[in-house]
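Summary of structural features
As a plain string of letters, each chain reads:
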Amino acid sequence: MRFGKVAAVATASALTLSLAACGGSDSGSSSNDAGGKGSTGGDDYVLAYGVEPQNPLVPGNTNENGGGRLVDNIYSGLVYYDGEGKAHNELAESIQLEGDKTYRVTLKDAKWSDGSQVTAEDFVKAWNYTVENALLGANFFESILGYEEGKAEMEGLKVVDEKTFTIELDQPEADFPSRLGYSAYFPMHPSAYDDIDAYGENPISNGPYKLEEWNHNQDAIIVPNEEYAGERKPQNDGVNFVFYAQQDAAYADLLAGNLDVLDEIPDSAFATFEDELGERAVNQPSAVFQSFTIPERLEHFSGKEGELRRAAISRAIDREQITDTIFEGTRTPATDFTSPVIPGHSDSLTGAEVLSYDPEEAKRLWAEADAISPFTGQFSISYNADGGHQAWVDAVANSIRNTLGIDAVGNAYPDFKSLRDEITNRTINGAFRTGWQADYPSLGNFLDPLYGTGAGSNDGDYSNKELDQLLDDAAGADDLEAATPIYNQAQEILLTELPAIPLWYANVTGGYSENVDNVTFSWKSQPVYYNVTKK
């Protein structure tokens, strides 16, 4: 059934990281030489693993791990997600459903870090700006009436007064209120539009923290925002995110007590970290899906030939062996394109056998594709070398090479930003690693942003009208339960066409030092930074 008269923001079951990505910067510094106040001992900051953001800290243009860690802590939205994935009103006093597709939002009394009032206009203008300028988060507003990329104002957004605005959708959407804790829906200070890039380098905060300093490719420090009056009140003096070139260096610092919180254990330590850290080790399910994408624009990977080759490559990957030997039980072979911790997940979709290792079937499919056009050249899978991905990429490439007899190799980029820049600019040649960390707890969140035509994270430019219609139908279902079979029907199309090759689901593997207490990891696989306390 639809939301009641007052839409209490939907709750998520305890779940789990966009890219479950990581990388780091090109610094390779330990916390001892990372620079900034946190490394000098001048303040009692929590020292946390971080990565250099791809872009300035603009909410609507942040869709990766590095910037997301900062944006999620220096901004507040209408709702926030607690560690269990449950949504709570944050800046929204109420989100009231009027009719079946219009929401009336009333704001609490809240201030920016400069002391000015957070207003309804701050939300509406930020959302419209994201769409007008086709920022990376623009597709999150597709359901609002009047959405059109490049359009200055959406008809569905109306400011009523300083603390009230309305959101009219194109159609009823069962999970819309629960989406509003995602960073694309955060507001921006009125000064942002004078020079958006400069603002992103030093944003004005309305969240629990504010940005103290950002030393590019080195670290970033956030400190408590004294104007923040919400429920995510920091229990520490601040967080110093130290950027590492390699996860092994971060783990070594964690063991030495020079890093307090790490949420990405390197694969070299999977077999030992739980013994080495003891009760300070974390290995729990998360809302993370990992894959690699083969763009249709590549030679041999379009049309029927491409469909056959994708299926052959998927069949040539021994996921069970790789997750057992490389990941030491911290990954589970994929059976779909979402995550088993998301309500509605299925491990028995029609066509899911394409995700099972079958060397003979792989060879047969490849030969059928060769009959259309013989394959020549190299098959590469690109990845960022600073994210701990080399071992699994090499293992996947070896499995493909040994099964199909082709030149399959891993292709390393020095850091996450350089990889993402080429993916975003469509200048990358070959396949590349992809994945998704849930923004909100819904099957649709794994499907719409990655595979909908023109979606912001559709890195392979996949397009299928039947799939688009199913995604629209699912979004417009009466409730999440009714949407589930429609989303899974859409997944069966994906299993046939394989715009991305599903690999496995990831646990969050992390740990913390003896210098901190109250460390928990959220449904999104990241530490709940504001709860961490220093001893």
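Reading guide: rules and limits
Residues numbered from 1 in each chain as written. Predicted model: local features only at pLDDT ≥ 70, side-chain atom pairs only at ≥ 80, totals over all residues. Heavy atoms only, no water. Patch = residues over 30% accessible without salt bridge, like charges linked within 9 Å, V, L, I, M, F, W, Y side chains within 5 Å. Areas by Shrake-Rupley, 256 points an atom, 1.4 Å probe, with all protein chains shown as cover. Salt bridge = Lys/Arg side-chain N within 4 Å of Asp/Glu carboxyl O. Lys, Arg positive; Asp, Glu negative; His and termini not counted. Charge placed at Lys NZ, Arg CZ, Asp CG, Glu CD. Helix = DSSP H or I, 4+ residues; strand = E, 2+ residues; numbered from the N terminus. UniProt positions renumbered as here; feature names shortened; annotations may be inferred. Axes fitted to C-alpha atoms, helices over the stretch in contact; angles between N-to-C directions. Parallel < 35°, antiparallel > 145°, perpendicular 65-115°, else oblique. Left-handed = near helix turned anticlockwise from the far one by under 90°. Contact = heavy atoms within 4.5 Å. Nonpolar A, V, L, I, M, F, W, Y, C, P; charged D, E, K, R; others polar. Core = buried A, V, L, I, M, F, W, Y, C linked by side-chain atoms within 4.5 Å. Buried < 20%, exposed > 50% of the residue type's maximum accessible area, 1.4 Å probe, protein only. Pairing = 2+ DSSP bridges. Arc of directions from axis to C-beta.

What follows is about a negative patch on the surface. On the surface, Glu-142, Glu-149, Asp-170, Asp-472 and Asp-473 cluster together into a negatively charged patch. With respect to the helices, strands and loops of the structure, Asp-472 is situated in helix H14 (residues 465-475).

To continue, consider the UniProt feature "domain: Solute-binding protein family" (unreviewed entry) in the protein. Sequence positions flagged by UniProt for "domain: Solute-binding protein family" (unreviewed entry) are, in local numbering, residues 88-457. Helix and strand shares over residues 88-457 are 28% and 22% respectively, and the end C-alpha atoms of the span are 26 Å apart.

Where helix H13 (residues 443-451) contacts helix H15 (residues 480-497), the axes come no closer than 10 Å and their chain directions differ by 40°. When the axes of H13 and H15 are compared, the pair comes out oblique. The hand of the H13/H15 crossing is left-handed. From H13, Leu-443, Gly-444, Leu-447, Asp-448 and Tyr-451 reach across to H15, where they touch Thr-484, Tyr-487, Asn-488, Gln-491 and Leu-494. Each residue belonging to the contact of H13 with H15 can be placed in one class, and the counts come to five nonpolar, four polar and one charged.

A separate point is the nonpolar core. Residues Trp-127, Phe-292, Phe-379 and Ile-400 are the most contacted members of the largest nonpolar core, which totals 155 residues. Among all residues touching Trp-127, those that are not within four sequence positions of it are Leu-78, Phe-141, Ile-144, Met-154, Leu-157, Phe-165, Ile-167, Leu-180, Ala-184, Tyr-185 and Phe-186. In this structure, Tyr-413, Leu-419, Ile-423 and Phe-432 belong to the second largest nonpolar core, which totals five residues.

Our focus in this paragraph is the sheet that holds strand E6 (residues 157-161). Strand order in the open sheet formed by four strands is E4-E5-E7-E6, and the pairing between neighbours is antiparallel. For this open sheet the edge positions go to strand E4 (92-98) and E6, each flanked by a neighbour on one side alone. Strand-to-strand twist across the sheet, computed as the mean angle between neighbouring axes with direction ignored, equals 20°. Two elements, strand E5 (residues 102-107) and strand E7 (residues 164-168), share five bridges in a ladder whose sense is antiparallel. Its bridge partner being in E7, Val-105 is matched across the sheet by Phe-165. Those strands touched by helix H3 (residues 120-132) are E5, E6 and E7, and its axis lies near 165° from that of E6.

Okay, H14 next. Within H14, the full set of buried residues consists of Leu-467, Leu-470, Leu-471, Ala-474 and Ala-475. One side of H14 carries all its buried residues, which in axial view fall inside an arc of 135°. Seen from the open side of H14, the exposed residues pointing more than 90 degrees away from its buried face are Lys-465 and Glu-466. The elements touched by buried residues of H14 are helix H4 (176-179), H13 and H15.

This paragraph deals with unusual backbone geometry. The phi angle at Asn-217 is positive, at roughly 60°, despite the residue not being glycine. Position of Asn-217 among the secondary structure elements: in the loop between strand E8 (209-215) and strand E9 (219-224). Of note in the backbone geometry, Leu-498 takes a positive phi value of approximately 45° without being a glycine. Secondary-structure assignment places Leu-498 in the loop between H15 and strand E17 (500-512). Owing to a relative accessible area of 1%, Leu-498 belongs among the buried residues under this scheme.

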